Amino acid sequence: MEELEFLTGIAMQAGAIALAEQAQLTPDRIHTKATQLDLVTDADRKVEAFLSREIRNRFPDHDIYGEETGRTGDRGEYCWIIDPIDGTTSFIHQLPNWCVSIGLYRRGEALASVVYAPASRELYAAEKGKGAYCNGVRLHVSARSCLEESLVTTGFSCLRAGWQEENNLKFFDRISPKVAGVRRFGSAALDLCLVASGKAEAFWELGVENYDIAAGELMVREAGGQVTDLFGKDQYPLHGTLATNGVLQDTMLNFFQDYRCIRK
Ligand code: IPD
Ligand code: CA
Ligand code: CA
């Protein structure tokens, strides 16, 4: 697919731009957004500007929805959803768990996606109906069905957004003692890639946005896993997001039976 090849190329170039920026990151290049906890760097903006420019040059009729600039275009058939750096806090702290995440959608359906993690040089790519790959190797979700043996990942964007009620702490408390381990890596896109790779059995989070999961959700589905909201329906990320190897979807959903969505 022409678009996937293009996607792969621009994601890798974007990763190189971000890596170079990370090496020279100074406090004056770090800014706050909605709250003191919500950070953006010059690198996030530079990477998004680069990706938008490349996409616009190649596909002038397509819409673009980027975390830092919002939506541009005429609400046409195709939309490229960009998270220029997913895991900005890790990026700022010189940790490796961040990535460039891009998904191509057609009338709301994911067609192709790429997640590139420059620090580990992992390039995840998926195309609808054609599977998901990491550095060219086909991905498959794990076959584990026993919760006690499962590794799960999560995040706390809801705390950063100041959610007082119905935040993730209740579910973290409930799920942690029942699984082999919980990991919090700080990049929802990479968390989804871990599920797709069969390294983690599940990922859940309340409060992520479309751009956080736009690329990763296709990765999970193309690797044989399942993505739903916390009610088991398809209103994710609005009603929370749960991705699993499929086998554990219902088991994990049981933890959220009293979940109340407070988002509109
Ligand atoms: C964040 C990461 C994090 C998740 C937050 C996201 P950002 O994205 O994906 O894992 O917990 O919900 O906002 O701000 O680093 O692009
Ligand atoms: Ca993000
Ligand atoms: Ca981001």
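S.K.: Is there a simple way to explain the coordination of the calcium ion (ligand 3) in this structure?
M.R.: In an ideal octahedron of six donors the angles at the metal are 90 or 180 degrees, and in an ideal tetrahedron of four donors they are 109.5 degrees. Protein coordination at the calcium ion (ligand 3) comes from Glu67 (OE), Asp83 (OD) and Ile85 (O), with a distance range of 2.2 to 2.3 Å. Binding-site remark: the calcium ion (ligand 3) is held by donors from one chain whose sequence spacing is E-x15-D-x1-I. A separation of 3.7 Å is found between the calcium ion (ligand 3) and the calcium ion (ligand 2), which share Asp83 as a coordinating residue. Highlighted residues: Glu67 in the loop between strand E3 (63-66) and strand E4 (70-72) and Ile85 in strand E5 (residues 78-86), separated in sequence by 18 residues. Since its relative accessible area comes to 1%, Ile85 is described here as buried.

S.K.: Sorry, what's going on with the packing of helix H1 (residues 2-23) against helix H2 (residues 42-58) here?
M.R.: Between two packed helices, the angle of one axis relative to the other and the distance separating the axes together describe the packing. Their axes nearest at 9 Å, the elements H1 and H2 cross at an angle of 155°. Accordingly, the angle class assigned to the pair H1 and H2 is roughly antiparallel. The interaxial crossing formed by H1 with H2 has right-handed handedness. Across the interface between the two elements, Glu2, Phe6, Ile10, Gln13, Ala14, Ile17, Ala18 and Glu21 from H1 touch Ala43, Lys46, Val47, Phe50, Leu51, Glu54, Ile55 and Arg58 from H2.

S.K.: Hey, could you run me through helix H6 (residues 188-197) in this one?
M.R.: Burial runs high along H6: 10 of the 10 residues are buried. If you check which residues of H6 are buried, you get Ala188, Ala189, Leu190, Asp191, Leu192, Cys193, Leu194, Val195, Ala196 and Ser197. Of the residues trailing H6, Gly198 is marked for its positive phi of about 80°.

S.K.: What exactly am I supposed to notice about the coordination of the calcium ion (ligand 2) here?
M.R.: For the calcium ion (ligand 2), the full set of protein donor atoms is Asp83 (OD), Asp86 (OD) and Asp212 (OD), at a range of 2.1 to 2.2 Å. Of note, the calcium ion (ligand 2) draws all its donor residues from one chain, in the sequence arrangement D-x2-D-x125-D.

S.K.: Quick question: what am I supposed to make of the packing of aromatic side chains here?
M.R.: Each aromatic ring pair is summarised here by two numbers: the centre-to-centre distance and the angle between the ring planes. In this structure the tally under the stated criterion is 10 aromatic pairs. One aromatic cluster is present, formed by Phe171, Trp204, Phe231, Phe256 and Tyr259 through successive ring pairs.

S.K.: Any chance you could explain the side chain of Thr244 here in plain terms?
M.R.: Following the sequence through the fold, Thr244 ends up in strand E15 (residues 241-244). Separated by 2.6 Å, the side chains of Thr244 and Gln249 make a polar contact. With residues up to four places along the chain from it excluded, the contact list for Thr244 reads Val195, Glu201, Ala202, Val220, Gly225, Gln226, Gln249 and Met252.

About the criteria used
Residues numbered from 1 in each chain as written. Chains lettered and ligands numbered in written order. Predicted model: local features only at pLDDT ≥ 70, side-chain atom pairs only at ≥ 80, totals over all residues. Heavy atoms only, no water. Donors = N, O, S within 2.8 Å, 3.2 Å for Na, K, Ca; no water. Helix = DSSP H or I, 4+ residues; strand = E, 2+ residues; numbered from the N terminus. Buried < 20%, exposed > 50% of the residue type's maximum accessible area, 1.4 Å probe, protein only. Axes fitted to C-alpha atoms, helices over the stretch in contact; angles between N-to-C directions. Parallel < 35°, antiparallel > 145°, perpendicular 65-115°, else oblique. Left-handed = near helix turned anticlockwise from the far one by under 90°. Contact = heavy atoms within 4.5 Å. Phe/Tyr/Trp six-rings, centres within 6.5 Å; stacked < 30°, edge-to-face > 60°. Polar contact = N/O pair within 3.5 Å; in protein donor to acceptor, adjacent residues only side chain to side chain.

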